[in-house]
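Structural features, examined
Single-letter residue listing:
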Amino acid sequence: MAKKITTRQQEILDFIKESMREFGYPPTRHEISRRFNFGSANAADSHLRALHRKGYIDLRLHTSRGISIPGFSALTNTAEAGQGLAVMGLVAAGSPIEYYDDKQPCDVPANLFTPSADYMLRVQGESMIKAGIYDGDLLAVHKTSEVRSGQIVVARLENEVTVKRYLQSADPNIIRLEPENDNYRTIEVDLRRGSDALTIEGITVGVVRLDP
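This text gives an overview of the structure that appears in the document. It should be emphasised that the depicted structure is a prediction, and the values quoted were computed from it without experimental measurement. (Residues numbered from 1 in each chain as written. Predicted model: local features only at pLDDT ≥ 70, side-chain atom pairs only at ≥ 80, totals over all residues. Heavy atoms only, no water.)

1. Observations regarding the overall build of the protein
The test is simple: Numbering goes from the N terminus for both helices and strands, where a helix is a DSSP run of H or I of at least four residues and a strand is a run of E of at least two. By definition, residues are in contact when any of their heavy atoms lie within 4.5 Å. Values of accessible area rely on a 1.4 Å probe in the Shrake-Rupley scheme; residue burial ignores everything except the protein chains shown.
When you go through the protein residue by residue, the secondary structure sums to four helices and twelve strands. Within the protein, contacts between residues separated by at least 24 positions form 59% of all contacts whose residues are at least 6 apart in sequence. Total accessible area on the protein stands at roughly 11000 Å², and carbon and sulfur atoms take up 46% of it.

Written out as structure tokens, the structure reads:
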């Protein structure tokens, strides 16, 4: 018999299922915190750990969306259903900007990219122009936390997001997020700061440039 959960924990569990049905992946701790007006992501993490202990979810540590529900299948993933990808908000090609939801439909199919894209982000800024990524472009993102040095990634620094080239330094604890524009500075991240120091949201798999 499953252990009893609180009303708030049930609401969070329902929100996780809602996100998985609508988008095909679970929310981040920051998204849970915003939904329930928590003061910090730590409150969301406390509820998630309780749900994990009671057997309602599985948690994967140090991963932004590392939440799964045993036996639950998100059958309405837009990529699986063959529908267009969703534009999930802004990503900074410059200084990191605070993430916010700005979900809009997009007619671009997920299987246009290899590996297939899970969602799109609208680029704001010019720090990646040498990589062919310009202000206003739609960036196709494949959701993964596994990344190789040299790949262009969508990275979260606490609650801010940016697109940069991921470079592993000689020190395994130091990651560099490198711009592709000489007018912008490299962001250096020390992983010893803790699990919130850097989260890889995904790798970029393509760019869509809309007609002006």
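Structure shown, so let's carry the discussion forward.
2. Considerations on the pattern of salt bridges
Rule in force here: What counts as a salt bridge is simple: a side-chain nitrogen of Lys or Arg found within 4 Å of a carboxyl oxygen of Asp or Glu. Only protein chains enter the accessibility calculation, which uses a 1.4 Å probe; a residue whose area is less than 20% of its type maximum is buried, one above 50% is exposed, and one in between is partly exposed.
Tallied over the entire structure, the rule returns ten salt bridges. When the shortest N-O distance is used, the salt bridge between E11 and R8 registers 2.7 Å. Of the two residues, E11 and R8 both sit in helix α1 (residues 7–23), three residues apart, roughly one turn of that helix. A relative accessible area of 33% places R8 in the partly exposed class. Within the structure, one salt-bridge network assembled from shared partners comprises R29, D45 and R49.

3. Describing unusual backbone geometry
Following T114, the chain continues into P115 via a peptide bond in cis, with omega recorded as -10 degrees. Positionally, P115 belongs in the loop between β5 (101–109) and β6 (119–124). Of note in the backbone geometry, N37 takes a positive phi value of approximately 55 degrees without being a glycine. Following the sequence through the fold, N37 ends up in the loop between α2 (29–35) and α3 (41–53).

4. Overview of the pairing of strand β11 (residues 187–190)
Stated precisely, the cut-off is as follows: In this description, strands pair whenever DSSP reports at least two bridges between them.
What you see with β11 is a clean split: I187 and V189 sit on the buried side and E188 and D190 on the side with no burial. Two strands pair when backbone bridges link them, and strand β10 (residues 174–178) and β11 are joined in this way by four bridges, in the antiparallel orientation. When the bridges of β11 are listed, R176 appears paired with E188.

5. Let's talk about the packing of aromatic side chains
For the record, the criterion: Classification of ring pairs rests on two measures: the distance between centres of Phe, Tyr or Trp rings, Trp counted by its six-membered ring, which must be within 6.5 Å, and the angle between planes, read as stacked under 30 degrees, edge-to-face over 60 and tilted in between.
Summed over the entire model, instances satisfying the criterion amount to two aromatic pairs. Where F15 meets F36, the ring centres are 5.9 Å apart and the plane angle is 85 degrees; that geometry is what we call edge-to-face. Residue F15 is found in helix α1, and its partner F36 is found in the loop between α2 and α3; the two are separated by 21 residues along the sequence. Judged by centre distance (5.9 Å) and plane angle (25 degrees), the ring pair of F36 and F38 falls under stacked. By the burial criterion, F36 is buried, and F38 matches it. An aromatic cluster of three or more residues is present, and its members are F15, F36 and F38.

Read these as geometric descriptors, not functional statements.
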